[in-house]
Amino acid sequence: VERLGSDVGLTIAPESRAAVAQHLTALLAAARLIDEFPIPDAEPAPHFEP
Amino acid sequence: VIDAATSALDIAARVRGGKIRARDVVAGALERIAQRDAALNAFTSVLRERALSDAETLDRRLAAGQDPGPLAGVPFAAKNLFDIAGLSTLAGSKINADNPPAVRDATAVARLRAAGAVLIGALNMDEYAYGFSTENTHYGPTRNPHDPSRMAGGSSGGSASAVAGGLVPLGLGTDTNGSIRVPAALCGTFGLKPTFGRVSRSGVVPLAWSFDHVGPFARHVADLAAAFDAIAGPDPLDPVCSTRPAVRCTEQLGRGVQGLRIALLGGHFTRLAADEVLAAVGRVASALNATREVTLPEVHRARAAAQVITACEAGAYHLDRLRSRARDFDPMTRDRLLAATLVPAAAYVSAQRFRAWFRTRAAEIFRDTDVVLAPTVPWTAPTIGAPWTTRIGATEVLTRGHLGAFTQPLSFIGLPVLSVPIVAPGALPVGVQLIAAPFNEAALFRVAAWLEAEGVVRSPVA
């Protein structure tokens, strides 16, 4: 968490690191749940009409 | 006599008819706030002098024969996420208190004022709208008028508490993952999250651009419709606001439910919820004679995708503040936002792709169904300061996060949803979501008005 934070210019205080790691773990678990599902033909770009 | 229980439209009718002055209505609301808000903590700013001055101006316009609008003299208040000219837009934060005052009202605030409503103040919320509880560390928790030891819900907790407590008949809030519907249900009010793009978000601090919505709270369906009619419609200041003209919902209220195809949302929406919540859905379904069940696939993944998109967009929006002032964030939000900045980009794109797929699945339901029913919240209001996790059956869930279990997968794809309150005597309120296809708010108002007229749903002053 400390290194990842530093990569995006954040200083994560020592007392926050455990909580940030816990929340990041939960978000990555959510991301994994999506990755495990094969999404057919889904277009993520916003609809654009010039 | 105008009191806490008087509806917004009743107030407007009496003001327009010259039976009472707007100034007296506003003075009454200010008096109720003075009496009760110390206990509820719904307001972060009360605009006493400005509200009285606006009301006097309105009285003078009426005396001069001008029409001040359909909500003439109706007091309202807005979540402090909305710009209010002359006030710094707190967004529930300490950091934003250092911002200069807003130079103009948010579009929704301006439109309610243009309809004759009088802005009374700004309302408490979760910091940066990233929560379901309004246990704000900087400004204190907002309390539930039905039981002040309990949460009002969030993030628009001040809006729900102020309306449920009868301090104002109308409130404005925002809803990204449930922030109108969750507090509306826990406090026992009506709350509308319109279709994405139906109401302008101009002048509102974002949480997640992909599904931030603006909507009203009220204790009467007709009031909710009048507020929605006042704020809905195109706005060039919001680039995602739809250009299609708004259907006036006030005119739909007396049409009844005949001909509407109503179904129950099954699967995910029937699990991990308290018995009284499922019973409330059953009561509404029974009144509407709705027996058919429809299901949405992969709802647990939709929730996950909503969480990832919200986190990534909120993390990106707050990145500069997290770099420079992390210690000034509310501890309830800071660590979650810090984590949000570290999520890989691929996760965000996959979540957006899933969203596109899931939206198409929902559209299939509405080919032969007009309105579907689901619980709003999984249980009644938890106590303020409740433990981080709660056990429901054999499953342990996040006490606050799980409040959005039934709202998150729906706002995520922009569907219009109206939460109706079930308030049994001696019990805490719960809510039932009425859900329709995009831009079909009219069907929701027909059902809500019918349920209210039949006495199935109601929102008494708490």
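A.B. asks: Looking at this model, I keep getting lost on helix α4 (residues 107-114) of chain B. Mind explaining?
C.D. replies: Structurally, the α-helix is built with 3.6 residues per turn, so residues lying three or four positions apart point the same way. Every buried residue belonging to α4(B) is among Thr107(B), Ala108(B), Val109(B) and Leu112(B), and all of these are buried. The first or second residue beyond α4(B) is Gly116(B), which carries a positive phi of 105 degrees.

A.B. asks: What exactly am I supposed to notice about the pattern of salt bridges here?
C.D. replies: Side-chain pairs of opposite charge can arise whenever the charged atoms involved come near each other. All names here are of chain B. In this structure the tally under the stated criterion is 24 salt bridges over all chains. Across the pair Arg21 and Asp24 runs a salt bridge whose closest N-O atoms are separated by 3.1 Å. Judged by relative accessible area, Arg21 falls into the partly exposed class, the value being 46%. With its nearest N and O atoms 3.8 Å apart, the salt bridge here joins Glu49 to Arg48. Taking relative accessible area as the criterion, Arg48 reaches 46% and is therefore assigned partly exposed. Three or more residues joined by partner-sharing salt bridges are found here, namely Lys94, Asp98, Arg325 and Asp328.

A.B. asks: Sorry if this is basic, but what is going on with the interface of chain A and chain B here?
C.D. replies: Where interface size is given, it is often the accessible area lost as the parts come together that is meant. Taken residue by residue, the interface counts 29 residues in chain A and 32 residues in chain B. Three residues, Leu27(A), Ile34(A) and Phe37(A), lead the burial of chain A against chain B; their summed loss comes to 23% of the area buried on that side. Where chain A touches chain B, the interface holds 1 salt bridge. Of the charged contacts in the structure, one is a salt bridge between Glu15(A) and Arg327(B), with a shortest N-O distance of 3.1 Å. Viewed at the interface, chain B and chain A are joined by 6 residue pairs in polar contact (both at pLDDT 80 or more). For the side of chain A that touches chain B, the leading source of residues is helix α2 (residues 14-35) of chain A, giving 13 residues. Looking at the side of chain A that touches chain B residue by residue, the classes come out as 20 nonpolar, 4 polar and 5 charged.

A.B. asks: Just to check I follow, could you spell out the packing of aromatic side chains for this structure?
C.D. replies: The geometry of two aromatic rings is summed up by the distance between their centres and the angle between their planes. Tallied over the full model, the rule gives 10 aromatic pairs over all chains. Each ring, one from Phe37(A) and one from Phe354(B), has its centre 5.7 Å from the other, and the planes form 70 degrees; the classification is edge-to-face. With Phe37(A) in the segment after α2 and Phe354(B) in helix α11 (residues 345-365), this residue pair bridges two chains. Every member of this aromatic cluster is reached through a ring pair, and the members are Phe37(A), Phe211(B), Phe354(B), Trp357(B), Phe358(B) and Phe412(B). Here Arg321(B) stacks its cationic end above the ring of Tyr317(B), 4.8 Å away from the centre of that ring. Its end group placed over the ring of Tyr130(B), Arg336(B) keeps NZ or CZ at 4.2 Å from the ring centre.

Definitions and cut-offs
- Residues numbered from 1 in each chain as written.
- Chains lettered and ligands numbered in written order.
- Predicted model: local features only at pLDDT ≥ 70, side-chain atom pairs only at ≥ 80, totals over all residues.
- Heavy atoms only, no water.
- Buried < 20%, exposed > 50% of the residue type's maximum accessible area, 1.4 Å probe, protein only.
- Helix = DSSP H or I, 4+ residues; strand = E, 2+ residues; numbered from the N terminus.
- Salt bridge = Lys/Arg side-chain N within 4 Å of Asp/Glu carboxyl O.
- Contact = heavy atoms within 4.5 Å.
- Buried area = accessible area lost by both parts, 1.4 Å probe.
- Polar contact = N/O pair within 3.5 Å; in protein donor to acceptor, adjacent residues only side chain to side chain.
- Nonpolar A, V, L, I, M, F, W, Y, C, P; charged D, E, K, R; others polar.
- Phe/Tyr/Trp six-rings, centres within 6.5 Å; stacked < 30°, edge-to-face > 60°.
- Lys NZ or Arg CZ within 6 Å of the ring centre and 35° of its normal.

Everything listed is a geometric property; what it means functionally is a separate question.
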